[in-house]
Each structure stands twice: as structure tokens, then as C-alpha cells.
Amino acid sequence: MNSDERNEKILSIFRETGALMEGHFILRSGLHSGHFFQCARVCEHLDRVSELASMLIKKLGDIGAKCDTVLSPAMGGLVIGQEVARQLGKRFIFAEKQDGKLALRRNFKIGAGEKILVVEDVVTRGGRVVECIDIIESLGGKAAGIAVLVDRSGGKIDFGNRPCISLLEFSFPTYEADKLPENLKSIPAVHPGS
């Protein structure tokens, strides 16, 4: 399967499960868009999650095999992160909000030098991934790579020297609140959640 066929297959999974939405959305980043990937809708269909995770792992190559643990930010990355960890045979942990920031809770530990793969559903600016990297490094671990289902950044995200592999790079236009196109101005904006 070539990359165009793979991308169309991935998009068809998102469309069939209702995960690719159209309207007027305020993204977690604060930007506005006429499209939104609600990956939680894919998570209603674990067979599709398994399929997406398998495709993502193939793209990871050695990065997945060489990691010790998979870490995902809650909520969006939980299901895909857990499935990636399951298929890789790795330990899975997650970061969740505490006092407005992501933190490791539930007595999760990261050992010195432990190689961690960060798995997220969708990135636009990559803020939650950066928070996960900060957690990993503050505890002496090593962020071995980042794996995401959908990269909406248009290739603009930079996680330093850490490899970032996305299953699908798909960038719908995003807008600042005061620079909306006419077609979005006429549609009430919603916060769809992650």
C-alpha cells in the first residue's frame, strides 16, 4: 500500500467512525478551525483502534521496539497509547491534569535513563506532548520519540532532537479568533473537547 492509499484508508476510518467532524471548532490550542478530529469517536471501535495502532507502529520502526515504556497524556492519548503499548509489549502509563498542568499521578514512576515513547492522538501545537517530555526529563527518563495519530501542525512542530512520527499529516486551516473567514463567522463556535 503506497502512502496515498494508506492516507485514504486512515481518513476513511475517521470518517466512518464520525471522528472527522465539520463545523466551527475552538481547538485546545485556542485556534479556530472548520474541521476537528474527535479521535474519541474512533475509540468506540476498538478494532479500528487496533488497526490504526498497528499502522502507527509500522511507521515507528525501531523507535517502538527500543522504548521501555509508553506514556500518553489523558484523555485524548489514553486509548491509542494503551493499544500501542499492548501491541509493542511495553508498559503503559499516563499523565493527567493536576492543578492545571499534566503530572504523573497514581504512583506511576519513571526510572533514570528509562526510554519513553510519548503517544498522542492529535497535535496542533504540541503543548501536551511538550508537557509529557518535561515530565519524563524531570524524572531522569529519556523521551525516545513521539508517535501521533494526526499531525495538524503542517510540519511546524519541533520537539528538538526527538523523532516525531505521525500516522497522518493533515493540516486543515486554523485561525486566530479575530481573523476568522466569513464562512466560520456565521457558524456558532463549539469546544469539542479532546
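These figures come from a predicted structure and were not determined experimentally. (Residues numbered from 1 in each chain as written. Predicted model: local features only at pLDDT ≥ 70, side-chain atom pairs only at ≥ 80, totals over all residues. Heavy atoms only, no water.)

Moving on to the overall build of the protein chain. If you tally the helices and strands in the protein chain, you get seven helices and nine strands. For the protein chain, whose C-alpha radius of gyration is 17 Å, the value lies close to the compact-globule estimate of 16 Å for 194 residues. Projected onto its principal axes, the C-alpha coordinates of the protein chain cover approximately 50 × 40 × 30 Å. Here the protein chain holds 194 residues, and 48% of them are scored as buried. By sequence separation, contacts in the protein chain at least 24 residues apart represent 63% of the contacts at least 6 residues apart. Surface exposure of the protein chain reaches about 9600 Å², of which carbon and sulfur atoms provide 49%. Between the centroid of the 26 positive side chains of the protein chain and the centroid of its 25 negative side chains there is a distance of 4 Å. (Helix = DSSP H or I, 4+ residues; strand = E, 2+ residues; numbered from the N terminus. Rg over C-alpha atoms; globule rule 2.2 N^0.38 Å. Buried < 20%, exposed > 50% of the residue type's maximum accessible area, 1.4 Å probe, protein only. Contact = heavy atoms within 4.5 Å. Areas by Shrake-Rupley, 256 points an atom, 1.4 Å probe, with all protein chains shown as cover. Lys, Arg positive; Asp, Glu negative; His and termini not counted. Charge placed at Lys NZ, Arg CZ, Asp CG, Glu CD.)

In this section: the pattern of salt bridges. In total, this model carries 14 salt bridges according to the counting rule given. In this structure, R128 engages E120 in a salt bridge whose closest nitrogen and oxygen atoms are separated by 3.1 Å. Grouping residues by exposure puts R128 and E120 together as buried. Each of K9, E16, R48 and E51 takes part in a single network of salt bridges with overlapping partners. (Salt bridge = Lys/Arg side-chain N within 4 Å of Asp/Glu carboxyl O.)

Okay, the sheet that holds strand β9 (residues 174-175) next. Pairing in this open sheet of three strands is antiparallel, and the strands run β1-β2-β9 from one edge to the other. Lying at the two open borders of the sheet, with one neighbouring strand each, are β1 (20-26) and β9. With two bridges connecting them, strand β2 (residues 32-37) and β9 associate as antiparallel partners. Each bridged residue has a counterpart across the sheet, and for H32 the counterpart in β9 is Y175. (Pairing = 2+ DSSP bridges.)

Core analysis: the biggest nonpolar cluster contains 37 residues, and F14, F37, L52, V70, V84, L117 and L149 have the highest contact counts within it. Looking at this core, the element that brings in the most residues is helix α3 (residues 46-60), giving seven residues. Excluding residues that lie within four positions of it along the chain, L117 makes contacts with L60, I63, C67, T69, V70, L71, V84, L88, G145, I146 and A147. By size, the runner-up hydrophobic cluster in this structure holds 18 residues, among which are L102, I110, V118 and F159. (Core = buried A, V, L, I, M, F, W, Y, C linked by side-chain atoms within 4.5 Å.)

With an omega of 5 degrees, the peptide bond running from A74 to M75 counts as cis. Backbone geometry places D99, a non-glycine residue, at a positive phi of 55 degrees. Checked against the element boundaries, D99 lands in the loop between β4 (91-98) and β5 (101-104). For D99, a relative accessible area of 76% puts it in the exposed group.

This brings us to the sheet that holds β5. What the six strands build is an open sheet, ordered β5-β4-β3-β6-β7-β8; its pairing is mixed. If you trace the sheet from one side to the other, it starts and ends with β5 and β8 (164-169), each paired once. The sheet shows a mean angle of 25 degrees between the axes of neighbouring strands, taken without regard to direction. Where strand β3 (residues 69-73) lies against strand β6 (residues 115-123), three bridges are found, and the strand directions are parallel. Across the sheet, residue T69 finds its bridge partner in β6, namely I116. The strands touched by α3 within the sheet are β6, β7 (142-151) and β8, with β8 carrying the most contacts at an inclination of about 135 degrees. (Axes fitted to C-alpha atoms, helices over the stretch in contact; angles between N-to-C directions.)

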